[in-house]
Amino acid sequence: MVTKKQIEDILKTIPDPEIGVSLWDLGLIYTIGINKKTGTVNILMTLTTIGCPLFDLIEHPIKEEVGKLPGVKKVVVDLTFEPPWSMDRMSEDAKQQLGFG
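Residues numbered from 1 in each chain as written. Predicted model: local features only at pLDDT ≥ 70, side-chain atom pairs only at ≥ 80, totals over all residues. Heavy atoms only, no water.

1. So, the overall build of the protein
For the protein, the helix and strand inventory stands at four helices and three strands. Computed over the C-alpha atoms, the radius of gyration of the protein is 13 Å, within 12% of the 13 Å expected from 2.2 N^0.38 for a compact globule of 101 residues. Structurally, the protein occupies a C-alpha span of about 40 × 25 × 20 Å along its principal axes. Relative to its 101 residues, the protein shows a buried fraction of 39%. Across the protein, every contact between residues at least 6 apart in sequence was considered, and the portion connecting residues at least 24 apart equals 60%. (Helix = DSSP H or I, 4+ residues; strand = E, 2+ residues; numbered from the N terminus. Rg over C-alpha atoms; globule rule 2.2 N^0.38 Å. Buried < 20%, exposed > 50% of the residue type's maximum accessible area, 1.4 Å probe, protein only. Contact = heavy atoms within 4.5 Å.)

2. Quick word on the side chain of Thr80
Along the polypeptide, Thr80 turns up in the loop between β3 (74–79) and α4 (92–97). Polar side-chain contacts of Thr80 include one of 3.2 Å to the backbone nitrogen of Glu82. (Polar contact = N/O pair within 3.5 Å; in protein donor to acceptor, adjacent residues only side chain to side chain.)

3. Topic: the pairing of β3
Pairing geometry for strand β2 (residues 40–45) and β3, over six bridges, is parallel. What sits directly across from Ile43, in β3, is Val77. (Pairing = 2+ DSSP bridges.)

Here it is, written out as structure tokens:
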């Protein structure tokens, strides 16, 4: 069955459509849950701003790419704004890419 590490590796390759930095490095992914019995992966994530209209452009590649992993039958992406995203969640690589490091 799929592992969190495999999912994380995929999320590191999916860029935010506006910023161009990976969803993982931006710190947009809060939790990854795997139900091995049903093959369902649940991803809880946020966006950089509450009014961001790009969730569909972000959700689709997550479902598509994570769904290709062996044993994954369904990918559910839930959106939350609690806690709100902040730049503190970004990786050092993301901060450097954006000129904050």
